[in-house]
Amino acid sequence: MPAAVGGHSHRATTKVSHKGFKSRKSTKGQLRDAAKGRIGNERGQRKTPHQQVMSKLDRRNQAKQRQQQKAREHANEASVFAGKDGAPRNVAVIPLCRDTDTAAAIRTSTLTPTSPTPPFRVPVDRFKQKLQYIPLTRDLTACLDAARVADFIVLVLSAEVEVDDLGELILRSVESQGMSTLFTVVQGLNKIEVAKHRLSVVSSLKSYITHFHPEQDKIYSLDSRQECGNLMRSLCSTTPKGVRWRDERSWMLVEDIQFANSGLSPTVLTGVVRGKGLKADRLVQVGDWGTFQVEKITAAPLAARKKRGEETMADDAAAEEELEIPTEDQDAIDDLAPEEAAMDDDDEDMDAATTMTTSKKGVLLDDHHYFSDDDQVVQLHMPKKVPKGTSKYQSAWFIHDEDVSDSGSDLDDFEMQDDESDEEEARPEDGMEGLAGAAMTEVGPSEYAKSVAFIEPNEEEDAMALEAYRKSKRTEAEDDLEFPDEVELHPQVLASERGLKSLRTSPWLEDEDRAYEPEEWQRLLRIPDYQASRIRAAREALVGGVAPGTRVHVYIKGVPAAAEKTYDPSRPVTLFSLLRHEHKRTAVNVLINLSGDAASSIKAKEELIVQYGPRRFVINPLFSQGGTTQNDVHKYCRYLHPGQSAVATFMGPVTWGSVPALFFKRTIPGTTLPPSTSRVIAKLAILTGHPYHIHKKVVTIRYMFFNREDVEWFKAMPLWTRRGRSGYFKEALGTHGYFKATFDGRINPQDSIGMSLYKRVWPRNARPLDGVLLDPAMVQLEEEGDAMDADME
């Protein structure tokens, strides 16, 4: 048989291997094992058990309910404008360029031939709405006041003139205080003769405005009738987004003012209530005039338009209907607590604080005055021979030397033993004297091989060396960034400072501050729980009062006669109802951010103008570091440098919630923080000295003090060097402020020794702003100068 035939064999028919089962889906256990704890893509899966059991019909019903709820909320927001008696939509027209005319812009967009006078109301019958225009000039104060009560803001740009510095200042200020829905228009586009250049001009203006407001995707041309109609449609149909801090209160754009004829009669303000309900029990803030009480609120409906042939008249009974009168719960006008109550509660504390301050002999370190417990002078005494193991209390009973053996075998030097035990337990960061023993003598063992004798310097040579040392340093303003908080203790001055081992955790003894606090500090409003108080005041404004959309007469009392003299009909007047306690004064904290492109730094206590909420004040703020600390102590900042943030503190009326704040030296944005009278602003003062003699770890230091009394006062303070060494006072030398100090290591001769002192600083009172933010005469002169420069070019 051939080999090929001999090697052939049939397949085994009794051993059949079936194919494995291949399924598209495995079991849950197999999926769990394969995943090994990983979580896959869960997009599209129903997460909650409620969603898993909901049917398709239930999910459709749920989506429909959400849609209906959203529609009801939208209808509720727009209900104040609905109907023939609905509130008008306030439109503030703000010019940003020198050659723009807001009155002409309103006439062009509304097709009204007459010149508008503020406020200018236009009924739009096509959309069944009313628009109330507020034409403005390039006045910063008027633009801010109008933007606070505007539902829509229309910025007017020029096709020929660029936006100057004043226009950009107005734009940034309006944006920072909070604005509602914004529209942008261009005026004079047809003056450009070449038609193809108009598109490039519009594109350039759009690029400029989107730098500040990226949502502005359309710029309307006032020279096109079609785009004017589109603008009118947008103003009538768009629901304004509003401003959060404004909508939490009741506010009103004043349409008419009737000043009091005599000192006792009230002043009547007429307008439409917006926001929350207007209550007679709450105080009202009227422009920059001040805060006043409400005498009563009456209805002031507009004259109804009758049919042809009938006289137009208003219902006198409805016009005089009283809507709201004050009750016993009306807020008082006082902004401070009664002086009698504060005096009775604090007399004993003030006496105790004064006694405590005047009776101490040493600086306050954390919560204790060191070296002030014993009023007697400590006299030096010779070491006493006592048996080994004798305590300090037992050694007092060994009066005579003959009580013990003279051999000395069972005796030891008690003073030496006490010093050695203190040396082992002491730490450099404790900041207490006593770590170093008495002055080294020849018979006693010394830590160092030899000592350096101190020679009293000549007064003339010492004065010349001090003058040369001072000239090597620059001024405080120049050194603040490189050497912050470094000061010099002048001769014959004993600073009332204190020490802290840790700025963030060491306790701050407030009883020591009672002798230096302002007179009205104990009469300020104190808020133990800010969040609960804010929520309670906001919820109280939700119920009651005159309904929004009602035109009313508000009778207020106590308006000064100077308000009538300064009243300008071309500038809008606003009325804001304050929440409960918002007229009371407290320590106000505002987070301030200075832009990195600012020309110069701002020094603390420099006069600024602040606007937060509906009020403006002239302040001298204190700057301190932000954040939260365990002891509520924050470091005082002497300067606010460009690109930095700080907390500005002053005494002013409280404002509930986070409200945008503006600081005017230049426009500096900020945000209000919770007020607190317990927030301690600690001013850090660093006294620096120069090493005079260095012997291992013992250093003789000069130029930190200039008399022995200062050294004795501050001898409990810990010392440190800029290179990280820590030390403590050892002893005073001479009468010129020289002293010895011991450090934890050998220091460099080029190093400087510092000592940190803290002192609480108190905020100053805010004063109401009298006048405008920018002088119109100065603005006009600046514009004329710019125009002359442009003509010369």
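Conventions we followed
- Residues numbered from 1 in each chain as written.
- Predicted model: local features only at pLDDT ≥ 70, side-chain atom pairs only at ≥ 80, totals over all residues.
- Heavy atoms only, no water.
- Core = buried A, V, L, I, M, F, W, Y, C linked by side-chain atoms within 4.5 Å.
- Buried < 20%, exposed > 50% of the residue type's maximum accessible area, 1.4 Å probe, protein only.
- Helix = DSSP H or I, 4+ residues; strand = E, 2+ residues; numbered from the N terminus.
- Contact = heavy atoms within 4.5 Å.
- Salt bridge = Lys/Arg side-chain N within 4 Å of Asp/Glu carboxyl O.
- Axes fitted to C-alpha atoms, helices over the stretch in contact; angles between N-to-C directions.
- Parallel < 35°, antiparallel > 145°, perpendicular 65-115°, else oblique.
- Left-handed = near helix turned anticlockwise from the far one by under 90°.
- Nonpolar A, V, L, I, M, F, W, Y, C, P; charged D, E, K, R; others polar.
- Pairing = 2+ DSSP bridges.

Trainee: What exactly am I supposed to notice about the nonpolar core here?
Mentor: Soluble globular proteins tend to bury their nonpolar side chains together. Counting 43 residues, the largest nonpolar core has Ile94, Leu136, Ile153, Leu155, Ile170 and Val174 as the members making the most contacts within it. Mapped by element, the contributors of at least two residues to this core are strand E1 (89–95), helix H6 (140–148), strand E4 (152–158), helix H7 (165–177), strand E5 (181–187), helix H8 (196–212), strand E7 (250–258) and strand E29 (660–664). Ranked by residues supplied to this core, first place goes to H6 with six residues. Once you skip the residues sitting within four places of it in the chain, Val174 turns out to touch Ile94, Cys143, Leu144, Ala147, Ile153 and Met179. Counting 26 residues, the second largest nonpolar core, distinct from the first, contains Val610, Tyr636, Phe650 and Ile668.

Trainee: Help me understand the pattern of salt bridges in this model?
Mentor: When the charged atoms of two side chains with opposite charge come close together, those side chains can pair. Applying the stated criterion to the full structure yields 27 salt bridges. Asp145 is the salt-bridge partner of Arg616, the closest N and O atoms lying 2.7 Å from each other. With Arg616 in strand E24 (residues 615–619) and Asp145 in helix H6, the pair connects residues that are 471 residues apart, well separated along the chain. The burial state of Arg616 is the same as that of Asp145; both residues are buried. With a closest N to O distance of 2.9 Å, Arg274 and Asp151 form a salt bridge. With Arg274 in strand E9 (residues 274–275) and Asp151 in the loop between H6 and E4, this residue pair connects regions lying 123 residues apart in the sequence. Of the two residues, Arg274 and Asp151, neither departs from the other in class, the shared state being buried.

Trainee: What is the right way to read the packing of H6 against H7 from this model?
Mentor: Two packed helices can be described by the angle between their axes and the distance between those axes. Relative orientation of the contacting elements H6 and H7 amounts to 30 degrees, with a least axis distance of 10 Å. It follows from the interaxial angle that H6 and H7 lie roughly parallel. In terms of crossing hand, the pair formed by H6 and H7 is right-handed. In this structure, H6 uses Leu140, Cys143, Leu144, Ala147 and Arg148 to contact H7, whose residues at the interface are Leu169, Ile170, Ser173, Val174 and Gln177. Here the contact of H6 with H7 is built from residues that sort into seven nonpolar, two polar and one charged.

Trainee: What should I look at first to understand the pairing of E7 in this one?
Mentor: Remark: a regular strand shows side chains that alternate across the two faces of the sheet. In the sheet, E7 pairs with E9 via two bridges, with the strands oriented antiparallel. Within E9, the residue paired with Ser250 across the bridge is Gly275. For E7 and strand E8 (residues 267–272), the ladder comprises four bridges, and the chain directions are antiparallel. The residue of E8 that forms the bridge with Gln258 is Val268.

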